[in-house]
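Fold and geometry: a report
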Amino acid sequence: MFDTLAPLPSLPSMLGTGAPAEDEVLDHTQALHKFLADVEKRAFQIARTAVRDGDEALDIVQDAMIKLARNYANKPSEEWRPLFYRILNNRIRDWQRRRVVRNKLFGWLPGNFSDDDEGSSNPYEGIATSSHGPAEQLMLNTAMVTLQMALRELPARQQQAFCLRNFEGLDVAQTALAMSCSEGSVKTHYSRAVHTLRERLGDSW
Amino acid sequence: MNKPEEQSTQLERRARQLFDESVATLDARTLSHLNQARHTAIEAAHKQRVVMPRWLIPAGSMAALMLSAVVTFQYLKVYSHSDSRDTGTQTVTAMEDMEIIASNEELDLLQDVDFYEWLDTADAAESESG
(Lines give C-alpha, C1' and ligand atoms only; values in the text may rest on other atoms or scores of the structure.)
Protein backbone atom coordinates (compact mmCIF):
# COMPACT_ATOMS: atom_id res chain seq x y z
CA MET A 1 0.00 0.00 0.00
CA PHE A 2 2.95 2.30 0.44
CA ASP A 3 4.09 1.63 -3.04
CA THR A 4 1.54 4.16 -4.11
CA LEU A 5 2.85 6.88 -1.83
CA ALA A 6 4.93 9.66 -3.27
CA PRO A 7 8.64 9.56 -2.41
CA LEU A 8 9.25 11.30 0.88
CA PRO A 9 11.64 14.18 1.30
CA SER A 10 14.79 13.22 3.11
CA LEU A 11 15.35 14.73 6.51
CA PRO A 12 18.70 16.35 5.64
CA SER A 13 17.08 18.17 2.75
CA MET A 14 14.33 19.29 5.09
CA LEU A 15 16.83 20.56 7.60
CA GLY A 16 19.42 21.94 5.28
CA THR A 17 17.66 24.95 3.81
CA GLY A 18 15.68 26.33 6.68
CA ALA A 19 12.35 25.04 7.97
CA PRO A 20 10.63 22.37 5.90
CA ALA A 21 7.42 23.24 4.16
CA GLU A 22 4.42 22.52 6.32
CA ASP A 23 2.85 20.36 3.61
CA GLU A 24 5.99 18.23 3.39
CA VAL A 25 6.00 17.66 7.13
CA LEU A 26 2.31 16.78 7.10
CA ASP A 27 2.73 14.34 4.20
CA HIS A 28 5.68 12.74 5.90
CA THR A 29 3.87 12.45 9.22
CA GLN A 30 0.78 11.04 7.57
CA ALA A 31 2.80 8.47 5.64
CA LEU A 32 4.58 7.36 8.80
CA HIS A 33 1.30 7.26 10.69
CA LYS A 34 -0.27 5.13 7.98
CA PHE A 35 2.67 2.76 7.90
CA LEU A 36 2.70 2.27 11.66
CA ALA A 37 -1.06 1.75 11.75
CA ASP A 38 -0.63 -0.89 9.08
CA VAL A 39 2.08 -2.89 10.84
CA GLU A 40 1.35 -2.41 14.52
CA LYS A 41 -1.18 -5.19 15.02
CA ARG A 42 0.80 -7.79 13.11
CA ALA A 43 3.99 -6.71 14.84
CA PHE A 44 2.26 -7.07 18.18
CA GLN A 45 1.13 -10.60 17.40
CA ILE A 46 4.61 -11.56 16.21
CA ALA A 47 6.16 -10.08 19.36
CA ARG A 48 3.59 -11.77 21.59
CA THR A 49 4.27 -15.11 19.97
CA ALA A 50 7.97 -14.64 20.65
CA VAL A 51 7.88 -13.29 24.21
CA ARG A 52 4.64 -14.91 25.43
CA ASP A 53 3.55 -11.78 27.25
CA GLY A 54 1.05 -9.24 25.95
CA ASP A 55 2.27 -6.29 28.00
CA GLU A 56 5.91 -6.95 27.16
CA ALA A 57 4.94 -7.30 23.50
CA LEU A 58 3.23 -3.90 23.64
CA ASP A 59 6.36 -2.31 25.11
CA ILE A 60 8.53 -3.94 22.48
CA VAL A 61 6.32 -2.74 19.63
CA GLN A 62 6.21 0.77 21.06
CA ASP A 63 10.00 0.87 21.37
CA ALA A 64 10.36 -0.33 17.80
CA MET A 65 7.92 2.29 16.53
CA ILE A 66 9.67 5.09 18.39
CA LYS A 67 13.08 4.01 17.19
CA LEU A 68 11.91 3.81 13.59
CA ALA A 69 10.25 7.21 13.83
CA ARG A 70 13.27 8.84 15.45
CA ASN A 71 16.09 7.31 13.49
CA TYR A 72 14.77 6.07 10.18
CA ALA A 73 11.78 8.25 9.31
CA ASN A 74 13.94 10.04 6.74
CA LYS A 75 14.56 6.80 4.84
CA PRO A 76 12.49 6.01 1.76
CA SER A 77 9.13 4.58 2.79
CA GLU A 78 9.83 1.33 0.93
CA GLU A 79 12.60 0.60 3.43
CA TRP A 80 10.47 1.17 6.51
CA ARG A 81 8.96 -2.29 6.68
CA PRO A 82 12.19 -4.34 6.75
CA LEU A 83 13.81 -1.73 8.98
CA PHE A 84 10.90 -1.83 11.39
CA TYR A 85 11.01 -5.61 11.64
CA ARG A 86 14.75 -5.52 12.07
CA ILE A 87 14.32 -3.21 15.05
CA LEU A 88 11.48 -5.36 16.35
CA ASN A 89 13.56 -8.52 16.10
CA ASN A 90 16.44 -6.85 17.89
CA ARG A 91 14.11 -5.71 20.66
CA ILE A 92 12.68 -9.23 20.99
CA ARG A 93 16.16 -10.71 21.14
CA ASP A 94 17.23 -8.19 23.80
CA TRP A 95 14.15 -9.03 25.83
CA GLN A 96 14.84 -12.75 25.56
CA ARG A 97 18.43 -12.24 26.70
CA ARG A 98 17.28 -10.21 29.68
CA ARG A 99 14.78 -12.92 30.53
CA VAL A 100 17.49 -15.58 30.47
CA VAL A 101 19.65 -13.51 32.82
CA ARG A 102 16.69 -12.73 35.06
CA ASN A 103 15.70 -16.38 35.26
CA LYS A 104 19.25 -17.38 36.12
CA LEU A 105 19.45 -14.80 38.88
CA PHE A 106 15.95 -14.88 40.30
CA GLY A 107 14.42 -18.06 38.92
CA TRP A 108 14.68 -19.78 42.28
CA LEU A 109 12.43 -17.17 43.92
CA PRO A 110 8.75 -17.97 44.44
CA GLY A 111 6.54 -16.44 41.77
CA ASN A 112 9.10 -16.76 38.97
CA PHE A 113 8.05 -20.13 37.70
CA SER A 114 6.72 -19.10 34.34
CA ASP A 115 6.80 -16.21 31.88
CA ASP A 116 3.93 -17.52 29.84
CA ASP A 117 1.19 -15.10 29.04
CA GLU A 118 -2.10 -16.67 29.90
CA GLY A 119 -3.89 -14.24 27.65
CA SER A 120 -2.07 -15.37 24.54
CA SER A 121 -3.18 -18.94 25.03
CA ASN A 122 -6.74 -18.13 25.91
CA PRO A 123 -8.90 -19.89 23.32
CA TYR A 124 -11.88 -17.64 24.14
CA GLU A 125 -9.99 -14.49 23.23
CA GLY A 126 -11.56 -12.41 20.48
CA ILE A 127 -14.85 -14.24 20.45
CA ALA A 128 -16.76 -11.10 21.40
CA THR A 129 -15.20 -9.07 18.58
CA SER A 130 -15.24 -11.73 15.90
CA SER A 131 -17.51 -11.88 12.89
CA HIS A 132 -17.51 -15.68 13.17
CA GLY A 133 -19.86 -17.67 15.33
CA PRO A 134 -18.60 -18.54 18.81
CA ALA A 135 -17.98 -22.20 17.93
CA GLU A 136 -16.05 -21.35 14.80
CA GLN A 137 -14.06 -18.63 16.55
CA LEU A 138 -13.24 -21.05 19.36
CA MET A 139 -11.91 -23.52 16.80
CA LEU A 140 -9.81 -20.82 15.13
CA ASN A 141 -8.42 -19.67 18.46
CA THR A 142 -7.55 -23.19 19.50
CA ALA A 143 -5.76 -23.74 16.20
CA MET A 144 -3.89 -20.45 16.65
CA VAL A 145 -2.78 -21.45 20.14
CA THR A 146 -1.52 -24.75 18.73
CA LEU A 147 0.36 -22.89 15.99
CA GLN A 148 1.86 -20.42 18.48
CA MET A 149 3.06 -23.25 20.69
CA ALA A 150 4.68 -24.97 17.71
CA LEU A 151 6.28 -21.69 16.63
CA ARG A 152 7.70 -21.08 20.09
CA GLU A 153 9.48 -24.39 19.98
CA LEU A 154 11.33 -23.37 16.82
CA PRO A 155 14.82 -21.87 17.06
CA ALA A 156 14.63 -18.08 17.14
CA ARG A 157 15.98 -17.56 13.62
CA GLN A 158 13.56 -20.05 12.11
CA GLN A 159 10.71 -18.44 14.00
CA GLN A 160 11.69 -15.01 12.70
CA ALA A 161 12.01 -16.25 9.14
CA PHE A 162 8.61 -17.93 9.25
CA CYS A 163 6.85 -14.92 10.81
CA LEU A 164 8.39 -12.38 8.46
CA ARG A 165 7.97 -14.43 5.29
CA ASN A 166 4.66 -16.07 5.97
CA PHE A 167 2.79 -13.74 8.30
CA GLU A 168 4.16 -10.41 7.22
CA GLY A 169 4.67 -11.30 3.56
CA LEU A 170 8.18 -9.90 3.24
CA ASP A 171 10.16 -11.20 0.28
CA VAL A 172 13.51 -12.92 0.71
CA ALA A 173 15.55 -9.73 0.30
CA GLN A 174 13.44 -7.78 2.79
CA THR A 175 13.54 -10.65 5.26
CA ALA A 176 17.32 -10.83 4.91
CA LEU A 177 17.52 -7.11 5.69
CA ALA A 178 15.20 -7.49 8.65
CA MET A 179 17.14 -10.48 10.01
CA SER A 180 20.58 -9.06 9.20
CA CYS A 181 21.64 -12.16 7.31
CA SER A 182 22.06 -13.38 3.76
CA GLU A 183 19.19 -14.33 1.48
CA GLY A 184 20.49 -17.89 1.44
CA SER A 185 20.23 -18.06 5.22
CA VAL A 186 16.66 -16.79 5.05
CA LYS A 187 15.74 -19.56 2.62
CA THR A 188 17.38 -22.17 4.81
CA HIS A 189 15.74 -20.94 8.02
CA TYR A 190 12.34 -20.70 6.38
CA SER A 191 12.55 -24.12 4.79
CA ARG A 192 13.58 -25.73 8.07
CA ALA A 193 10.82 -23.89 9.91
CA VAL A 194 8.14 -25.15 7.52
CA HIS A 195 9.55 -28.66 7.68
CA THR A 196 9.59 -28.69 11.49
CA LEU A 197 6.13 -27.19 11.76
CA ARG A 198 4.73 -29.78 9.40
CA GLU A 199 6.25 -32.53 11.51
CA ARG A 200 4.84 -31.09 14.71
CA LEU A 201 1.41 -30.07 13.48
CA GLY A 202 0.78 -33.08 11.31
CA ASP A 203 -0.61 -33.53 7.82
CA SER A 204 -3.99 -32.11 8.79
CA TRP A 205 -2.40 -28.68 8.46
CA MET B 1 10.07 -19.57 -2.32
CA ASN B 2 10.24 -16.28 -4.12
CA LYS B 3 6.53 -15.67 -3.86
CA PRO B 4 4.81 -17.41 -0.96
CA GLU B 5 1.40 -16.85 -2.55
CA GLU B 6 2.34 -19.01 -5.50
CA GLN B 7 4.19 -21.86 -3.92
CA SER B 8 2.89 -21.94 -0.38
CA THR B 9 1.79 -25.22 1.05
CA GLN B 10 -1.44 -25.88 2.86
CA LEU B 11 0.33 -25.42 6.18
CA GLU B 12 1.64 -22.01 5.17
CA ARG B 13 -1.75 -20.87 3.92
CA ARG B 14 -3.48 -22.16 7.04
CA ALA B 15 -0.94 -20.51 9.33
CA ARG B 16 -1.30 -17.20 7.50
CA GLN B 17 -5.08 -17.40 7.70
CA LEU B 18 -4.99 -18.05 11.44
CA PHE B 19 -2.53 -15.25 12.00
CA ASP B 20 -4.68 -12.80 10.03
CA GLU B 21 -7.69 -13.90 12.03
CA SER B 22 -5.89 -13.40 15.34
CA VAL B 23 -4.83 -9.92 14.24
CA ALA B 24 -8.38 -9.04 13.22
CA THR B 25 -9.79 -10.06 16.59
CA LEU B 26 -7.38 -8.25 18.89
CA ASP B 27 -9.12 -6.90 21.98
CA ALA B 28 -9.97 -3.24 22.45
CA ARG B 29 -7.41 -2.73 25.21
CA THR B 30 -4.56 -3.87 23.00
CA LEU B 31 -5.77 -1.77 20.09
CA SER B 32 -5.98 1.26 22.35
CA HIS B 33 -2.43 0.72 23.62
CA LEU B 34 -1.14 0.29 20.09
CA ASN B 35 -2.88 3.47 19.05
CA GLN B 36 -1.27 5.37 21.90
CA ALA B 37 2.12 3.88 21.08
CA ARG B 38 1.78 5.00 17.45
CA HIS B 39 0.97 8.56 18.44
CA THR B 40 3.90 8.59 20.84
CA ALA B 41 6.19 7.47 18.02
CA ILE B 42 4.83 10.09 15.64
CA GLU B 43 5.33 12.74 18.28
CA ALA B 44 8.90 11.56 18.76
CA ALA B 45 9.52 11.81 15.02
CA HIS B 46 8.08 15.31 14.93
CA LYS B 47 10.30 16.42 17.80
CA GLN B 48 13.26 14.94 16.00
CA ARG B 49 12.36 16.84 12.84
CA VAL B 50 12.06 20.27 14.42
CA VAL B 51 15.39 19.99 16.16
CA MET B 52 17.70 22.91 15.39
CA PRO B 53 19.61 22.79 12.11
CA ARG B 54 22.90 20.98 12.36
CA TRP B 55 24.99 24.05 11.64
CA LEU B 56 23.59 25.60 14.80
CA ILE B 57 25.06 22.84 16.96
CA PRO B 58 28.72 23.96 16.64
CA ALA B 59 27.60 27.60 16.80
CA GLY B 60 25.67 26.91 19.99
CA SER B 61 28.61 25.01 21.45
CA MET B 62 30.92 27.89 20.63
CA ALA B 63 28.54 30.38 22.24
CA ALA B 64 28.29 28.24 25.38
CA LEU B 65 32.08 27.97 25.49
CA MET B 66 32.49 31.72 25.18
CA LEU B 67 29.89 32.37 27.85
CA SER B 68 31.62 30.01 30.27
CA ALA B 69 34.95 31.69 29.47
CA VAL B 70 33.49 35.12 30.21
CA VAL B 71 31.97 33.92 33.49
CA THR B 72 35.25 32.30 34.51
CA PHE B 73 37.18 35.44 33.60
CA GLN B 74 34.85 37.63 35.64
CA TYR B 75 35.11 35.26 38.56
CA LEU B 76 38.90 35.24 38.47
CA LYS B 77 38.99 39.02 38.06
CA VAL B 78 36.85 39.61 41.12
CA TYR B 79 38.78 37.23 43.31
CA SER B 80 42.24 38.23 42.13
CA HIS B 81 41.55 41.85 43.18
CA SER B 82 40.07 40.99 46.51
CA ASP B 83 41.90 40.42 49.72
CA SER B 84 42.34 36.79 50.54
CA ARG B 85 40.84 37.47 53.96
CA ASP B 86 37.70 38.75 52.27
CA THR B 87 37.18 35.66 50.22
CA GLY B 88 35.32 33.89 52.95
CA THR B 89 33.13 36.90 53.59
CA GLN B 90 32.32 37.26 49.90
CA THR B 91 31.40 33.62 49.67
CA VAL B 92 29.11 33.94 52.67
CA THR B 93 27.58 37.10 51.19
CA ALA B 94 27.00 35.37 47.88
CA MET B 95 25.35 32.47 49.67
CA GLU B 96 23.13 34.89 51.57
CA ASP B 97 22.16 36.59 48.31
CA MET B 98 21.20 33.25 46.86
CA GLU B 99 19.11 32.45 49.92
CA ILE B 100 17.31 35.77 49.62
CA ILE B 101 16.62 35.27 45.93
CA ALA B 102 15.47 31.71 46.45
CA SER B 103 13.24 32.48 49.42
CA ASN B 104 9.56 33.18 49.04
CA GLU B 105 9.60 36.11 51.41
CA GLU B 106 8.24 39.51 50.50
CA LEU B 107 10.90 41.51 48.69
CA ASP B 108 9.39 44.77 50.02
CA LEU B 109 11.30 44.21 53.25
CA LEU B 110 14.55 44.23 51.33
CA GLN B 111 14.08 47.54 49.60
CA ASP B 112 15.68 49.67 52.35
CA VAL B 113 18.92 47.77 52.40
CA ASP B 114 20.96 50.87 53.16
CA PHE B 115 18.90 51.48 56.28
CA TYR B 116 19.44 47.93 57.51
CA GLU B 117 23.16 48.16 56.82
CA TRP B 118 23.32 51.39 58.82
CA LEU B 119 21.32 49.76 61.60
CA ASP B 120 23.66 46.79 61.67
CA THR B 121 26.75 49.03 61.80
CA ALA B 122 25.19 51.14 64.52
CA ASP B 123 24.36 48.05 66.58
CA ALA B 124 27.90 46.76 66.19
CA ALA B 125 29.41 50.10 67.18
CA GLU B 126 27.11 50.32 70.18
CA SER B 127 28.01 46.85 71.37
CA GLU B 128 31.72 47.58 70.99
CA SER B 129 31.47 50.81 72.95
CA GLY B 130 29.22 49.24 75.53
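Refer to the structure above for everything that follows.
Here we summarise the structure given alongside this text. (Residues numbered from 1 in each chain as written. Chains lettered and ligands numbered in written order. Predicted model: local features only at pLDDT ≥ 70, side-chain atom pairs only at ≥ 80, totals over all residues. Heavy atoms only, no water.)

A word on the overall build of chain A. On a plain count of helices and strands, chain A comes out with eight helices and zero strands. Element order for chain A, N to C, with α for helix and β for strand: α-α-α-α-α-α-α-α. Looking at chain A residue by residue over its 205 residues, the buried ones come to 43%. Taking all contacts inside chain A whose residues are at least 6 apart in sequence as the whole, residues at least 24 apart take part in 61%. Of the accessible surface of chain A, which amounts to about 10,200 Å², a share of 51% is contributed by carbon and sulfur atoms. (Helix = DSSP H or I, 4+ residues; strand = E, 2+ residues; numbered from the N terminus. Buried < 20%, exposed > 50% of the residue type's maximum accessible area, 1.4 Å probe, protein only. Contact = heavy atoms within 4.5 Å. Areas by Shrake-Rupley, 256 points an atom, 1.4 Å probe, with all protein chains shown as cover.)

Residues and elements named next belong to chain A. Within the secondary structure, Gln160 is located in helix α6 (residues 156-167). A relative accessible area of 14% places Gln160 in the buried class. Beyond its immediate stretch of four places on either side in the chain, Gln160 contacts Asn89 and Met179.

Another point: the interface of chain A and chain B. Contact residues are listed per partner, giving 47 residues for chain A and 37 residues for chain B. Both faces considered, chain A and chain B share a buried interface measuring about 4,200 Å² in area, 67% of it formed by carbon and sulfur atoms. Inspection of the region where chain A meets chain B yields three salt bridges. One salt bridge connects A:Glu40 with B:Arg38, and the closest N-O pair in it is separated by 2.8 Å. (Buried area = accessible area lost by both parts, 1.4 Å probe. Salt bridge = Lys/Arg side-chain N within 4 Å of Asp/Glu carboxyl O.)

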